[in-house]
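Chain by chain, the residues run as shown.
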Amino acid sequence: PSGAIETLLAYTLSVRDSAVVAVRGGQVHPLAVGHARVVVDFGGIATAVTAVVVDLIAADTLRLAPGEFRSWPLGAGRYEITVAPVRPHASLTALGMETEGARCVRDSRSEETIHCSVRERGGLGVRNQSTSTGGPTVRAVIRVVRVQ
């Protein structure tokens, strides 16, 4: 009523089909293609929404030699991209990500997660930016999921 913006709202999330989406860190993350019902409860006031995972674009363990590049085409839609080292706490500083036709932003709660929106069509590429032939091989797990 005062017009002040309330930034911290207590809520809980529950998922009816944990094979399609999961709740981590207060956010819903896609796992597999399908529909799942998500219930959001704000202090006893609950509402249900449907989470739709449209397509699994990539789910790969990458092993990129210096200068090596991998890419995936992206159609119109919203995407969640996660890139994580194969070994926990390993560095991915040599890994560069490039997008074409996509507007992307890193998730504020997870360094490994990137959200992208593609208006018509685009592409996603990852490259081992090391230029020396004896440079490190990058090992990472990448997952690209189109969501609705």
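Here is a short report on the structure shown in this document. (Residues numbered from 1 in each chain as written. Predicted model: local features only at pLDDT ≥ 70, side-chain atom pairs only at ≥ 80, totals over all residues. Heavy atoms only, no water.)

A look at the pattern of salt bridges
Spelled out, the test is: Salt bridge, as used here: a side-chain nitrogen of Lys or Arg that lies within 4 Å of a carboxyl oxygen of Asp or Glu. What counts as a helix is a DSSP run of H or I of at least four residues, what counts as a strand is a run of E of at least two, and both are numbered from the N terminus. Only protein chains enter the area calculation, which uses a 1.4 Å probe; residues under 20% of their type maximum are buried, those over 50% are exposed, and those in between are partly exposed.
Tallied over the entire structure, the rule returns two salt bridges. Between Asp-60 and Arg-70 there is a salt bridge, with its nearest N and O atoms 2.9 Å apart. Linking Asp-60 in strand 5 (residues 45-64) with Arg-70 in strand 6 (residues 69-85), this pair joins segments that are 10 residues apart in sequence. The class of Arg-70 is partly exposed, set by a relative accessible area of 31%. The residue Arg-127 makes a salt bridge to Glu-98 at a minimum N-O spacing of 3.3 Å. Highlighted residues: Arg-127 in strand 8 (residues 113-128) and Glu-98 in strand 7 (residues 95-106), separated in sequence by 29 residues. The exposure class of Glu-98 is partly exposed, given its relative accessible area of 38%.

A few points about the sheet that holds strand 6
Condition: Should DSSP find at least two bridges between two strands, the strands are regarded as paired. Axes here mean lines fitted to C-alpha atoms, for a helix over just the part in contact, with angles spanning 0 to 180 degrees between N-to-C directions.
Spatial ordering of the open sheet is given by 1-4-5-9-6-8-7, a layout of seven strands whose pairing is antiparallel. Pairing within the sheet leaves two strands with one partner each, and these edge strands are strand 1 (12-15) and strand 7. The average undirected angle you get between the axes of adjacent strands in this sheet is 25°. Bridge analysis of strand 6 against strand 9 (residues 138-147) gives eight bridges, and the strand direction is antiparallel. When the sheet's bridge partners are listed, Val-83 is paired in strand 9 with Ile-142.

Let's talk about the nonpolar core
One broad trend across soluble globular proteins is that nonpolar side chains are buried collectively. Rules: Among buried residues, the Ala, Val, Leu, Ile, Met, Phe, Trp, Tyr and Cys ones that are joined through side-chain atoms within 4.5 Å form a nonpolar core. Whether two residues are in contact is decided by their heavy atoms: any pair within 4.5 Å suffices.
Counting 21 residues, the largest nonpolar core has Ile-81, Leu-95, Ile-142 and Val-144 as its most contacted members. Elements that contribute at least two residues to this core include exactly strand 5, strand 6, strand 7, strand 8 and strand 9. Apart from the residues lying within four places of it in its own chain, the contact partners of Ile-81 are Glu-112, Thr-113, Ile-114, Cys-116, Leu-124, Ile-142, Arg-143 and Val-144.

Focus on the environment of Val-141
For Val-141, the position within the fold is in strand 9. Placed 81 residues apart in sequence, Val-141 and Asp-60 show a C-alpha to C-alpha distance of 5.8 Å. In contact with Val-141, not counting residues within four places along its chain, are Asp-60, Thr-61, Thr-82, Val-83, Ala-84 and Val-86.

Here we look at the environment of Ile-81
Topologically, Ile-81 is positioned in strand 6. Using a relative accessible area of 0% as the deciding quantity, one classes Ile-81 as buried. A C-alpha to C-alpha distance of 5.0 Å links Ile-81 and Ile-114, two positions 33 residues apart in sequence.

Side note on the state of the cysteines
As a reminder of what qualifies: Only a pair of cysteine sulfur atoms within 2.5 Å qualifies as a disulfide here.
For the coordinates displayed, the defined rule picks out one disulfide. Here Cys-104 engages in a disulfide with Cys-116; their sulfurs sit 2.0 Å apart. One quick way to see it: the torsion about the S-S bond of Cys-104 and Cys-116 is about 110°, and its sign makes the bridge right-handed. Separated by 12 residues along the polypeptide, Cys-104 in strand 7 and Cys-116 in strand 8 bring together distant segments of the chain. Residue classification places Cys-104 among the partly exposed residues on the basis of a relative accessible area of 33%. On the basis of relative accessibility, which here comes to 4%, the residue Cys-116 falls in the buried class.

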